[in-house]
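Each chain is listed here by its residues.
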Amino acid sequence: MRRLLVASILSITASQGFAMDGLSDFNWKNRVVLVFGDAGDQKVARQISLLERQKGELADRDMVVIQVSGQQAHAVYGEAAVMDAGSLKKAADVSGNGFHIVLVGKDGGVKLRSEHVVTDVEMFDLIDRMPMRRAERN
């Protein structure tokens, strides 16, 4: 138990990246995947398709997937209140309409940022190596 407490404190104080203030409602409850890009972008379609095929894995990891296209932001998987696309882009430091994927951990820190499609295996392996995820499985 003591080891778990120390790991939790370290993950809070040593969060990778920056906190995504616009997603504070998800902190300590969900991991959030933000998929940015034009609705017709093939990378967006491929990324969403890869994730949608893994609903059981997404649920097991308490994930929410949000697609941000232009001025629209909507949940593709999981429940999310209406969010401002511009605020999400600014908080994630994403400019333009090109493809980006950002994984935000339960602590609100950015864990992954890519301009390339990320496979479900890569994403789930990254999450499964996180101290908080390891604690969830014990």
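In what follows, the accompanying structure is described. (Residues numbered from 1 in each chain as written. Predicted model: local features only at pLDDT ≥ 70, side-chain atom pairs only at ≥ 80, totals over all residues. Heavy atoms only, no water.)

For the protein chain, the helix and strand inventory stands at six helices and five strands. For the protein chain, the succession of helices and strands along the chain, N to C, is α-β-α-α-β-β-α-β-β-α-α. Taking all 138 residues of the protein chain together, the buried fraction comes to 43%. Long-range contacts, defined here as pairs at least 24 residues apart, represent 62% of the contacts in the protein chain between residues at least 6 apart. (Helix = DSSP H or I, 4+ residues; strand = E, 2+ residues; numbered from the N terminus. Buried < 20%, exposed > 50% of the residue type's maximum accessible area, 1.4 Å probe, protein only. Contact = heavy atoms within 4.5 Å.)

Moving on, we come to the nonpolar core. Soluble globular proteins tend to pack their nonpolar side chains together in the buried interior. Among the nonpolar cores identified, the biggest contains 21 residues, and Val-33, Val-35, Met-63, Val-65, Leu-103 and Met-123 are the most heavily contacted of them. Secondary structure elements with two or more residues in this core: strand 1 (31-36), helix 2 (42-52), strand 2 (63-69), strand 4 (100-104) and helix 5 (120-128). Apart from residues lying up to four places away in sequence, Met-123 is in contact with Val-33, Leu-51, Met-63, Ile-101, Leu-103 and Val-118. If you look at the next biggest cluster of nonpolar residues, it comprises 17 residues, including Val-64, Val-68, Ala-92 and Val-94. (Core = buried A, V, L, I, M, F, W, Y, C linked by side-chain atoms within 4.5 Å.)

Our next topic: the side chain of Ser-69. Structurally, Ser-69 can be placed in strand 2. Judged by relative accessible area, Ser-69 falls into the buried class, the value being 15%. Among all residues touching Ser-69, those that are not within four sequence positions of it are Gly-37, Asp-38 and Ala-39.

Its location among the elements puts Asp-84 in the loop between strand 3 (72-77) and helix 4 (85-91). Only 2.7 Å separates the side chain of Asp-84 from the side chain of Ser-87, close enough to count as a polar contact. (Polar contact = N/O pair within 3.5 Å; in protein donor to acceptor, adjacent residues only side chain to side chain.)

Along an α-helix, a turn takes 3.6 residues, which lines up residues three or four apart on a common side. Residues of helix 2 that are buried include every one of Val-44, Gln-47, Ile-48, Leu-50 and Leu-51, and no others. All buried residues of helix 2 lie within an arc of 160° about the axis, which places them on one face of the element. Set apart from the buried face of helix 2 by more than 90 degrees, the exposed residues are Gln-42 and Arg-46. Looking at the buried residues of helix 2, the elements they touch are strand 1, helix 3 (55-60), strand 2, strand 3, strand 4 and helix 5. Capping the start of helix 2, Asp-41 holds a side-chain oxygen 2.7 Å from the backbone nitrogen of Lys-43, two or three residues further along. (Arc of directions from axis to C-beta.)

This model, assessed by the stated rule, comprises nine salt bridges. Between Arg-61 and Glu-57 there is a salt bridge, and its shortest N-O distance comes to 2.4 Å. Judged by relative accessible area, which is 5%, Arg-61 ranks as buried. Glu-57 gets classed as partly exposed once you look at its relative accessible area, which sits at 31%. A salt bridge links Asp-62 to Lys-106, with the nearest nitrogen and oxygen atoms 2.7 Å apart. Residue Asp-62 is located in the loop between helix 3 and strand 2, and its partner Lys-106 is located in the loop between strand 4 and strand 5 (110-114); the two are separated by 44 residues in the primary sequence. Judged by relative accessible area, Asp-62 falls into the partly exposed class, the value being 29%. The exposure class assigned to Lys-106 is buried, which follows from its relative accessible area of 8%. Each of Arg-31, Glu-57, Asp-60, Arg-61, Asp-62, Lys-106, Asp-128, Arg-133 and Glu-136 takes part in a single network of salt bridges with overlapping partners. (Salt bridge = Lys/Arg side-chain N within 4 Å of Asp/Glu carboxyl O.)

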